[in-house]
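Notes for the structure review
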Amino acid sequence: MPTGAIRMEGTTKEYLPLEFPAVPDFSLLSKLASAAELLHTPYHMGVVQYKDSFYGQHCPESMPIAHQL
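These lines cover the structure that appears in this document, whether it is placed above or below. (Residues numbered from 1 in each chain as written. Predicted model: local features only at pLDDT ≥ 70, side-chain atom pairs only at ≥ 80, totals over all residues. Heavy atoms only, no water.)

1. What to know about the pairing of strand 1 (residues 2-8)
One face of the sheet, then the other: side chains in a regular strand alternate in exactly this way. Defined as follows: Two strands qualify as a pair provided DSSP detects at least 2 bridges between them. Numbering goes from the N terminus for both helices and strands, where a helix is a DSSP run of H or I of at least four residues and a strand is a run of E of at least two. A crossover gets the label right-handed when its path from the first strand over the helix to the second runs clockwise, viewed with the strands pointing away from the viewer.
The sheet contact formed by strand 1 and strand 2 (residues 46-51) spans six bridges and is parallel. Note that in strand 2 the partner of methionine 8 across the bridge is lysine 51. Once the chain exits strand 1 it traverses helix 1 (residues 26-38) before rejoining the sheet at strand 2, and the crossover so formed is left-handed.

2. Description of a nonpolar patch on the surface
Short version of the rule: Patch construction takes residues with relative accessible area above 30% that form no salt bridge. Like charges are linked within 9 Å, and nonpolar side chains (Val, Leu, Ile, Met, Phe, Trp, Tyr) are linked within 5 Å. Using the Shrake-Rupley algorithm and a 1.4 Å probe, accessible areas are obtained, with residue cover drawn only from the displayed protein chains. Salt bridges, as used here, are contacts in which a Lys or Arg side-chain nitrogen is within 4 Å of a carboxyl oxygen on Asp or Glu.
Together, Ile6, Met8 and Val47 give the surface a local cluster of nonpolar side chains, amounting to about 290 Å² of exposed area. Along the polypeptide, isoleucine 6 turns up in strand 1.

This is the structure in structure tokens:
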């Protein structure tokens, strides 16, 4: 469960300034963690990073802009 996100993409820039923190609602996050514990479901919490292109970071040499990646 993300406790925060590093925004490395372009979509959210159209809705919010980069300075606006990408963090979840704490009450909802706490309820999700409690539910996972009650169900004995493993989970992880921490900061995530998201991008427009998932595969570009995994195979940069095959991308048209390989030199920039």
